[in-house]
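# Observations on chain architecture
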Amino acid sequence: MPYIPLDEKLPGITGLLNYRKDTALPIRQLTHILLRGKSTLTEGERELIATIVSYGNECRFCTAAHTAAADHLLGETETSEAIKSDLANAPVSDKMKALLTIASAVQVSGKNVTAEMIQKAKHQGATDLEIHDSVLISALFSLYNRYVDGLASVTPTDPAFYDRLATILVNSGYLPSENRYAGLATK
């Protein structure tokens, strides 16, 4: 049960963003820029960063939501599962492994990122902007994870909910819109 009154039909981050729309707007805008804006990383790769950070923070809602979004964008489910369970052998590029390693370090503490991690990412072809955005996505999703769990937001267990949410995120991005969650609400 959430610690504050939230719309029961909007679980996880959806209810929290709906609760305080003025604070939701700037973080939605930043999320949209980072995950759907112009980038040399694919949208699927950026969702994998959100996934690995949320998984590391043990935020079940965000892990399920961004795993589903990554799966939709990648057209398969193996990659998102592999990055969570065995990054070294996951079917992603060496550059992506290096960026996901940095993301995992940020998830614990920004101070856990080392010069060696950065050099390895650059050696694997990561640009300064890709490194920057990986760190910022990681920091942002750590905020989201703490927001969702810190207010005990409802976490659905039905995979169909996350499939519906992923469809919205893939097709509409992260910006607010009228009736954004029509068809998403839980019963």
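Scroll up to find the structure.
As a starting point, this report considers the structure included with it.

Definitions and limits used
Residues numbered from 1 in each chain as written. Predicted model: local features only at pLDDT ≥ 70, side-chain atom pairs only at ≥ 80, totals over all residues. Heavy atoms only, no water. Helix = DSSP H or I, 4+ residues; strand = E, 2+ residues; numbered from the N terminus. Rg over C-alpha atoms; globule rule 2.2 N^0.38 Å. Buried < 20%, exposed > 50% of the residue type's maximum accessible area, 1.4 Å probe, protein only. Contact = heavy atoms within 4.5 Å. Areas by Shrake-Rupley, 256 points an atom, 1.4 Å probe, with all protein chains shown as cover. Lys, Arg positive; Asp, Glu negative; His and termini not counted. Charge placed at Lys NZ, Arg CZ, Asp CG, Glu CD. Salt bridge = Lys/Arg side-chain N within 4 Å of Asp/Glu carboxyl O. Polar contact = N/O pair within 3.5 Å; in protein donor to acceptor, adjacent residues only side chain to side chain. Disulfide = S-S within 2.5 Å.

A word on the overall build of the protein. Across its full length, the protein carries nine helices and zero strands. Scanning the protein from its N terminus toward the C terminus, one meets helices and strands in the order α-α-α-α-α-α-α-α-α. Compactness check: the protein gives a C-alpha radius of gyration of 16 Å against a globular reference of 16 Å for 187 residues, within 12% of the reference. Along the longest, intermediate and shortest principal axes, the C-alpha atoms of the protein span 50 × 30 × 30 Å. Counting the 187 residues in the protein, one finds 48% classified as buried. Here the contacts in the protein between residues at least 6 apart in sequence split such that 66% fall between residues at least 24 apart. When the accessible area of the protein is evaluated, it comes to approximately 9,400 Å², of which 56% is carbon and sulfur surface. Charged side chains in the protein number 18 positive and 21 negative. The centres of these two groups are separated by 5 Å.

Taken across its eight residues, helix 1 (residues 12-19) has six buried, putting it largely inside the fold. Burial in helix 1 covers these residues: Gly12, Ile13, Thr14, Gly15, Leu16 and Leu17. In this structure, the buried side of helix 1 is in contact with helix 2 (21-36), helix 4 (60-74), helix 8 (128-150) and helix 9 (159-172).

Attention now moves to the pattern of salt bridges. On inspection of all chains with the given rule, the structure shows six salt bridges. For Glu47, the salt bridge is made with Arg36, and the minimal N-O distance between the two is 2.8 Å. Taken together, the positions of Glu47 in helix 3 (residues 43-56) and Arg36 in helix 2 put the pair 11 residues apart, joining distant regions of the chain. In this structure, the salt-bridge partner of Glu81 is Lys84, at a minimum N-O distance of 3.1 Å. Within this pair, Glu81 and its partner Lys84 are both found in helix 5 (residues 78-85), separated by three residues, close to a single helical turn. A relative accessible area of 15% places Lys84 in the buried class. When salt bridges that share partners are traced, they join Arg36, Glu43 and Glu47 into one network.

Overall, the relative accessible area of 0% leaves Glu47 in the buried class. Among the polar contacts made by the side chain of Glu47, one reaches the side chain of Arg36 at a distance of 2.8 Å. When near neighbours in sequence (up to four residues on either side) are disregarded, Glu47 contacts Leu35, Arg36, His66, Ala69, Ala70, Leu73 and Tyr174.

Moving on: the state of the cysteines. Evaluated as defined, the whole model comprises zero disulfides. You can see Cys59 has no disulfide; the closest cysteine sulfur is in Cys62, sitting 3.6 Å from it. The class of Cys59 is buried, set by a relative accessible area of 0%. Residue classification places Cys62 among the buried positions, given a relative accessible area of 3%.

By themselves, these are just geometric observations and shouldn't be taken as functional.
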